[in-house]
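Chains, contacts and geometry: an overview
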Amino acid sequence: VDFFSENPDTGEYQSFLNSKIEGKSCQISFNYKFLLDGLLSLNFLKDKKSEAILELNGSDKPGILKLKDNENYIYLVMPIKSN
């Protein structure tokens, strides 16, 4: 998965994350702070063996973030409308 961020004041950033993708391709924008808060609340970044799942159902619908081995917790993140 390619991650791209852009800010008129600070510039651009692009990164790549190894992932397994299922389903149709989709381009969506999130506020990185909310997405990072979701990952931190799952303790994903502390436990290197964990697998996070980000479920998307279109570029204008919320994303659901959860851990692969824990179905008791989900984190809903709203997209940013982009042109």
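Residues numbered from 1 in each chain as written. Predicted model: local features only at pLDDT ≥ 70, side-chain atom pairs only at ≥ 80, totals over all residues. Heavy atoms only, no water.

1. Thoughts on the pattern of salt bridges
For the structure shown, the criterion picks out four salt bridges. A salt bridge links Glu 22 to Lys 20; its shortest N-O distance comes to 3.4 Å. Under the relative-accessibility criterion, Glu 22 is labelled exposed at 62%. A salt bridge links Glu 51 to Lys 68, with the shortest nitrogen-to-oxygen separation between them at 3.8 Å. You can see Glu 51 sitting in the loop between helix H1 (32-41) and strand S3 (52-55) and its partner Lys 68 sitting in the loop between strand S4 (63-67) and strand S5 (70-77), a full 17 residues away along the chain. (Salt bridge = Lys/Arg side-chain N within 4 Å of Asp/Glu carboxyl O. Buried < 20%, exposed > 50% of the residue type's maximum accessible area, 1.4 Å probe, protein only. Helix = DSSP H or I, 4+ residues; strand = E, 2+ residues; numbered from the N terminus.)

2. Concerning H1
Along H1, the residues classified as buried are Leu 35, Gly 38 and Leu 39. Angularly, the buried residues of H1 cover 95° about the axis, an arc narrow enough to put them on a single face. Following H1 by one or two positions, Asn 43 has its phi on the positive side, about 60°. (Arc of directions from axis to C-beta.)

3. Looking at the nonpolar core
By size, the foremost hydrophobic cluster in this structure holds eight residues: Phe 30, Leu 35, Leu 39, Leu 42, Leu 65, Leu 67, Tyr 75 and Val 77. Those elements that provide at least two residues to this core are H1, S4 and S5. Ignoring sequence-local partners within four residues, the contact set of Tyr 75 consists of Phe 34, Asp 37, Gly 38, Ser 41, Gly 63, Ile 64 and Leu 65. (Core = buried A, V, L, I, M, F, W, Y, C linked by side-chain atoms within 4.5 Å. Contact = heavy atoms within 4.5 Å.)

4. Regarding the confidence of the model for the protein
Across the protein, the average pLDDT comes to 83, with 92% of residues at or above 70. Ranking the elements of the protein by mean pLDDT puts strand S1 (residues 2-7) last, at 80, and S4 first, at 90. (pLDDT = per-residue confidence, 0-100.)

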